[in-house]
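Architecture at a glance
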Amino acid sequence: MVHEPLIAELEAPRRLRRFGSGWYAGLFALLLGIAGLGLALALRFPGELATPDLVPVYQSSFFRPAVHLIVLASFALAMISLWLGRYRAMGLAALALALAASLIGTGAPGAGPAGRGGLFFGLDFFILNLALSGLMLAPLERLWPHIREQRLFRPEWQVDLAYFLISSMLVQVVAFVTFGPSRLVLAHSDGLAGVRAAVAALPFVVQVLAIMLFTDLLQYWLHRAFHRVPVLWRFHAIHHSARAMDWLAGSRLHFLEIAVVRGLTTLPMFTLGFAPEAVQAYVAIVYVHSALIHANLGGERDWWGHWIATPRYHHWHHASDSEAVDRNFAIHFPLIDKLFGTFHLPAGRWPSAYGIAEPMPPGWWRQFVHPWR
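Rules used in this analysis
Note on numbering: residues in each chain are counted from 1, in written sequence order. With pLDDT at 70 or above as the cut-off, local features in this predicted model cover only qualifying residues; side-chain atom pairs require 80 or more to be listed or tallied, and sums for whole chains, interfaces and linings still use all residues. As a rule here, side-chain values cover all heavy atoms of the structure and leave hydrogens and water aside. Secondary structure counts use DSSP, requiring at least four H or I residues in a row for a helix and at least two E residues in a row for a strand, with both numbered from the N terminus. When accessible area is computed with a 1.4 Å probe and restricted to protein chains, residues below 20% of their type maximum are described as buried, those above 50% as exposed, and intermediate ones as partly exposed. Between two residues, a contact is recorded if the distance between any of their heavy atoms is within 4.5 Å. Counting rule applied: Lys, Arg positive; Asp, Glu negative; His and chain ends not counted. Throughout, a charge is located at the NZ atom of Lys, the CZ atom of Arg, the CG atom of Asp or the CD atom of Glu. Each axis is a line fitted through C-alpha atoms, taken for helices only over the stretch in contact, and angles between the N-to-C directions span 0 to 180 degrees. Every angle not falling under 35 degrees, over 145, or within 65 to 115 is termed oblique; those three ranges are roughly parallel, roughly antiparallel and roughly perpendicular. By the definition used in this description, the sense in which the near helix is turned from the far one sets the handedness, with an anticlockwise turn below a right angle giving left-handed and a clockwise turn giving right-handed. Polar here means any residue other than Ala, Val, Leu, Ile, Met, Phe, Trp, Tyr, Cys and Pro, which are nonpolar, and Asp, Glu, Lys and Arg, which are charged; Gly is therefore polar. Ring pairs are drawn from Phe, Tyr and Trp, using the six-membered ring of Trp, whenever the two centres fall within 6.5 Å, and their geometry is named by plane angle: stacked under 30 degrees, edge-to-face over 60, tilted for the rest. A positively charged side chain is recorded as over a ring if its NZ (Lys) or CZ (Arg) lies within 6 Å of the ring centre. The angle to the ring normal must also be within 35 degrees. A 3.5 Å cut-off defines polar contacts: any pair of N or O atoms within that distance qualifies, except that in protein one atom must be a possible hydrogen donor and the other a possible acceptor, and neighbouring residues in sequence count only when both atoms are side-chain atoms. One side-chain nitrogen of Lys or Arg within 4 Å of one carboxyl oxygen of Asp or Glu is enough to make a salt bridge. Only protein atoms enter the 1 Å grid, on which a cavity is a set of points fitting a 1.4 Å probe that cannot get out and a pocket is an open set with protein on both sides within 12 Å along at least 5 of 7 lines, lining residues being those with an atom within 4 Å of a point. Grid points are joined across faces, edges and corners, and a volume is the space filled by probe spheres set on the points. Residues belong to a common nonpolar core when they are buried Ala, Val, Leu, Ile, Met, Phe, Trp, Tyr or Cys residues joined through side-chain atoms within 4.5 Å. What makes a patch is a set of residues exposed beyond 30% relative accessible area and free of salt bridges, joined within 9 Å when like-charged and within 5 Å when nonpolar (Val, Leu, Ile, Met, Phe, Trp, Tyr). Under the convention used here, a 1.4 Å probe and the Shrake-Rupley method define accessible areas, while residue burial counts only the protein chains that appear.

Attention now goes to the overall build of the protein. Scanning the protein from N- to C-terminus turns up 18 helices and 0 strands. Projecting the C-alpha coordinates of the protein onto the three principal axes gives extents of approximately 65 × 50 × 40 Å. When each of the 373 residues of the protein is scored for burial, the buried share is 46%. Within the protein, counting contacts between residues at least 6 apart in sequence, those at least 24 apart form 77% of the total. Here the protein contributes 28 positively and 22 negatively charged side chains, and the mean placements of these two sets differ by 5 Å.

Attention shifts here to the packing of helix α9 (residues 171-187) against helix α13 (residues 255-265). In the contact formed by α9 and α13, the axes pass within 7 Å of each other and the chain directions differ by 40°. Considering their axes alone, α9 and α13 lie oblique with respect to each other. For α9 against α13, the interelement crossing comes out right-handed. Contact with α9, carried on its side by Val173, Val174, Val177, Thr178 and Pro181, involves Phe255, Ile258, Ala259, Arg262 and Gly263 of α13 and no other residues of that element. In the contact of α9 with α13, the residues fall into 7 nonpolar, 2 polar and 1 charged.

Moving on, we get to the environment of Ala309. Mapped onto the elements, Ala309 comes out in the loop between α15 (276-294) and α16 (311-318). Distance from Ala309 to Leu123, taken between C-alpha atoms, is 31 Å for residues 186 residues apart in sequence. Among residues more than four places away in sequence, those in contact with Ala309 are His289, Ile293, Ile331, His332 and Pro334.

Applying the stated criterion across every chain, the model contains 18 aromatic pairs. Ring-pair connections join several aromatic residues into one group, and the members of that group are Tyr163, Phe235, Trp364, Trp365, Phe368 and Trp372. Lying across the ring of Phe176, Arg183 places its NZ or CZ 4.6 Å from the centre. Lys338 extends its terminal NZ or CZ atom over the ring of Phe343, reaching a point 4.9 Å from the ring centre.

A few words now on the side chain of Asn296. Here Asn296 shows up in the loop between α15 and α16. Taking relative accessible area as the criterion, Asn296 reaches 1% and is therefore assigned buried. Leave out the neighbours within four places in its chain, and Asn296 touches Glu141, Trp144, Pro145, His146, Ile147, Gln150, Met245 and Asp246.

Let us now look at the environment of Ser60. Within the secondary structure layout, Ser60 lies in the loop between α4 (55-58) and α5 (63-84). For Ser60, a relative accessible area of 22% gives the class partly exposed. Taking the C-alpha atoms as reference points, Ser60 and Leu130, separated by 70 residues in sequence, lie 22 Å from one another. From its side chain, Ser60 meets the backbone oxygen of Val57 in a polar contact 2.7 Å long.

Let's shift gears to the pattern of salt bridges. Counted under the stated rule, the structure contains 8 salt bridges. Of the charged contacts, one joins Asp246 and Arg154 as a salt bridge, the two residues approaching to 2.7 Å between their closest N and O atoms. Note that Asp246 is positioned in the loop between α12 (230-240) and α13 and Arg154 in the loop between α7 (123-143) and α8 (157-169), a separation of 92 residues in sequence. According to the relative accessible area criterion, Asp246 is buried, its value standing at 4%. On the basis of relative accessibility, which here comes to 1%, the residue Arg154 falls in the buried class.

As a further point, take the layout of surface pockets. Of the voids in this model, the second largest pocket is the one considered here, and its volume is about 1600 Å³. Lining the second largest pocket are 50 residues, and of these Leu31, Leu32, Leu130, Ala131 and Gly134 sit closest to its centre. At the level of secondary structure, the elements contributing two or more residues to the lining of the second largest pocket comprise α1 (4-10), α2 (23-44), α4, α5, α7 and α8. The dominant element in the lining of the second largest pocket, judged by the number of residues it contributes, is α7, at 12 residues. A per-class count over the lining of the second largest pocket returns 38 nonpolar, 4 polar and 8 charged.

For Glu156, which is not glycine, the phi dihedral falls at a positive 75°. Within the secondary structure, Glu156 sits in the loop between α7 and α8.

This part takes up the nonpolar core. With 24 residues, the main nonpolar core has Ile211, Met269, Phe274 and Tyr313 as its most contacted residues. Elements represented by at least two residues in this core include exactly α11 (204-228), α15 and α16. Beyond its immediate stretch of four places on either side in the chain, Phe274 contacts Val199, Gln207, Ala210, Ile211, Phe214, Pro268, Met269 and Val279. Membership of the second largest hydrophobic core comes to 23 residues, among which are Trp23, Ala89, Met90 and Ala98.

Relative orientation of the contacting elements α5 and helix α6 (residues 88-104) amounts to 155°, with a least axis distance of 8 Å. Between α5 and α6, the angle falls in the class roughly antiparallel. As α5 runs across α6, the sense of the crossing is left-handed. Across the interface between the two elements, Val71, Ser74, Phe75, Ala78, Met79, Ser81 and Leu82 from α5 touch Arg88, Gly91, Leu92, Ala94, Leu95, Ala98, Leu99, Ala101 and Ser102 from α6. Per-class residue counts for the contact of α5 with α6 are 11 nonpolar, 4 polar and 1 charged.

Moving on: a nonpolar patch on the surface. The grouping of Leu213, Phe214, Leu217, Trp221, Leu335, Leu339 and Phe340 at the surface amounts to a nonpolar patch, some 670 Å² of accessible area in total. Broken down by secondary-structure element, the contributors of at least two residues to the nonpolar patch are α11 and α17 (335-339). Of all the elements, α11 adds the most residues to the nonpolar patch, at 4 residues. Within the secondary structure layout, Leu339 lies in helix α17.

Okay, structure coming up:
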């Protein structure tokens, strides 16, 4: 297949992709080419591919010049990669992406997504999401890795990237499903007006901590249910089927699990009167923290995981070791596991392996339909 040489070059052993070989130039050319093409498409077709919440960014004076700079940088790095010669598939792919972005252009100056109604696909949200997560966590995994020999493009990275892409592109659908239970409660809970006023009067930090505690308590029991109820485990097993842990592995979640867990765990923060700023702060915290606890990061102190969920604490939840089965369900506060007898964090030790014993088909679509078979 056409993409096989490209995949082979991305997955090249570390000893073959030293500085000066053209691998890094090809990689960054490819990433910038994907970003440039995606943003150009979002600007050309804002009603279908752009996220309305990003309207202020699109309408700023620097955005279009920044997209042009991204495309030019991709083109320049692709030429360097091709000149160095070893990783030609990466260089050619990046060059094609940069040329396609140039041909598509960025639409009329001053134009941008108008926040229209109807369905949109957040292509720009995927690019922003991937850039922020990757730039924040991928370098940390290289500087302080738990498993030093684990590569950025480790086995199964393609299926996890597919989960990341689809969940980002369907951000509008995910948000609609997530808010469904909360909308139902809000429509039939006028008697909670006093509670909402009292909650809204709390200090900002207290509100954020309260949201974290309420959602963690709800998610703890939902998480246990997804492990203990066979029909639910069939969906959750997909998340546990990852055999390598890094910041991208946390994206491997079946859509039904996302709908159930987010729809129910967000009930407290959307129905009890928490300030929008506190809700936004929590969303930012949980977004970063959920990627962090899956990351290939080491170097933490033993006591950290007794107070806050850390990579080593959560890695034990994903472990295939018999001692780790049905342990560490909390997302933020391990104290909840201690209260209910499911805490496990042996001093100084990490799991020996990850994954599940049962077979799991490869590929996003085959995993999506797997629980119903």
